[in-house]
Amino acid sequence: AFGVVADIQFADAEDGHDFGGTRRRYYRHSLRLLREAVQAWAGESPPIDFVLQLGDSIDGLNARRGEAESALQQVLAVLGQLPVPVHHAWGNHELYNFSRARLVHTGLYSRPAGGSDGPPDRDCQAYHCSLAERLRLVVLDAYDVSTLGRDSGSPRYQESLRLLREKNPNDDLNSPAGLKEPHFVAFNGGFSQAQLDWFDEVLKFSDENQEKVVVMGHVPIHPYASNRICLAWNYEAALSVIHSHRCVVCVLAGHLHDGAYCLDSHGVHHLTLEGVIETPPESNAFGTIYVYEDKIILKGRGRIADRVMHF
C-alpha cells in the first residue's frame, strides 16, 4: 500500500488564481490538506510502505516572494512526519523556484545514492527501485528536455528551446493558442533519448523477472489522461517504450489539476491525480493505493474518486 498526492503548490500567501485568472488556488490551505493526508496515511492499517509525491510541491509564487527555501522546508517537514520513504517527481513549479543543480541538494532529490539505479546522466532525476517482491517503481524525469531550471547558455537549454520554437511560434511560449500540437508549451517538457533507452532496459529487466511496474512522473504521457495540453512533449516515444513490454500496469501523473484517467489500448492504466492546490479547504485530494496480484485499488479522499484497476 502506498500514498499518492499531486500538485500541493504550497505558498504562505493568500488565495489567488491560476495563470488564466479563472481558477482559485488555495496556497496556504494546501499545507493543511497535506497534513490531513499525512495523518490519514499514518493511521492506515496495515501501514503504507511509501508515498509518491507527483510534483509541484511548492508554487512558483514563492520564487517571486523570495520564499522558495522556506516553503519547501515546510512541505518536507510535513512529509517527514511519516516513517516511510517519499519518492518525488520534479514538476515545473519546482523548476520555477530552483535550478536543477540546486534541486539535487534538496530533500526533493529522492534518487538513491550510487548510480546503477538511473540513467548514466546523473543530471537526470529518473530512477527505479524495487518496492516489494515482483513490484518495481520507475520515476521518470519529464523535464529532462526542458527550458526550465537550466542555464540559458547550456547546450541542453538551447536544444530544448530550439525544439520548443519549432512547434510553438507564439510570443508567449506558455500559450497553446493556435498550435497544431498544443502540448508544446514551456510548462511541459520531455524525455531525452538517453532516458528512454534506459527506461527500455529497466522494463526489459522487469519482463524477464516477471515483475509488475508502476511508473510515475509529473506530466501525463497519454492524451486521454490529459486535456491534450498538459502532456509530455514526446509522449508517443514514452508510450512506445511501455507498449513494447508487458510489465507496466499503471502510470501515475499530476500537472493537470482536474485529474483524468484512461485504460489504453495495451491494457495500461493512466491515472492523473487531481491537484491539492485547487482543492477547497473543506475537501482534499490524496489517495492510498493497494496493490494485489491482479489489480490495483485506489481509495481516494475528497476530489479523488475510488477506482479499481485490473491487470
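These remarks concern the structure in this document. Model, not experiment: these values are computed from the prediction.

### Here's the deal with the overall build of the chain
Move 1: Within the chain, the secondary structure is distributed over 8 helices and 14 strands.
Move 2: Scaling as 2.2 N^0.38, a compact globule of 311 residues should have a C-alpha radius of gyration of about 19 Å, and the chain matches this with 18 Å.
Move 3: Out of the 311 residues belonging to the chain, those deemed buried represent 59%.
Move 4: Excluding contacts between residues fewer than 6 apart, the proportion of contacts in the chain whose partners are at least 24 apart in sequence is 63%.
Move 5: For the chain, the exposed area adds up to about 12700 Å²; of that, 50% sits on carbon and sulfur atoms.

### What to know about the packing of aromatic side chains
Two descriptors summarise a pair of aromatic rings, namely the distance from one centre to the other and the angle between the planes of the rings.
Move 1: By the definition in use, this model includes 4 aromatic pairs.
Move 2: When the centroid spacing of 4.7 Å and the interplanar angle of 15° are considered together, the rings of phenylalanine 2 and phenylalanine 50 count as stacked. Taken as a pair, phenylalanine 2 in strand E1 (residues 2-5) and phenylalanine 50 in strand E4 (residues 50-53) lie far apart in primary sequence, 48 residues in all. When sorted by exposure, phenylalanine 2 lands in the same class as phenylalanine 50, which is buried.
Move 3: An angle of 45° between the planes, with centres 6.4 Å apart, marks the rings of tryptophan 90 and tyrosine 109 as tilted. Of this pair, tryptophan 90 sits in the loop between strand E5 (86-88) and helix H4 (92-97) while tyrosine 109 sits in the loop between helix H5 (100-103) and strand E6 (127-132), and the two are 19 residues apart along the sequence. Tyrosine 109 shares its class with tryptophan 90; the two are buried.
Move 4: Between arginine 25 and the ring centre of phenylalanine 19, over which it is positioned, the NZ or CZ distance is 5.8 Å.
Move 5: Directly above the aromatic system of tyrosine 292 lies the positively charged group of lysine 295, at a separation of 4.8 Å from the ring centroid.

### Comments concerning the nonpolar core
Move 1: In this structure, Trp41, Leu52, Phe199, Ile221, Val248 and Leu252 are the most contacted members of the largest nonpolar core, which totals 85 residues.
Move 2: With near-sequence residues (within four places) excluded, tryptophan 41 lies in contact with Gly3, Val4, Val5, Ile48, Val51, Leu82, Phe286, Gly287 and Thr288.

The rules behind these values
- Residues numbered from 1 in each chain as written.
- Predicted model: local features only at pLDDT ≥ 70, side-chain atom pairs only at ≥ 80, totals over all residues.
- Heavy atoms only, no water.
- Helix = DSSP H or I, 4+ residues; strand = E, 2+ residues; numbered from the N terminus.
- Rg over C-alpha atoms; globule rule 2.2 N^0.38 Å.
- Buried < 20%, exposed > 50% of the residue type's maximum accessible area, 1.4 Å probe, protein only.
- Contact = heavy atoms within 4.5 Å.
- Areas by Shrake-Rupley, 256 points an atom, 1.4 Å probe, with all protein chains shown as cover.
- Phe/Tyr/Trp six-rings, centres within 6.5 Å; stacked < 30°, edge-to-face > 60°.
- Lys NZ or Arg CZ within 6 Å of the ring centre and 35° of its normal.
- Core = buried A, V, L, I, M, F, W, Y, C linked by side-chain atoms within 4.5 Å.

The quantities given are spatial measurements derived from coordinates; they are silent on function.
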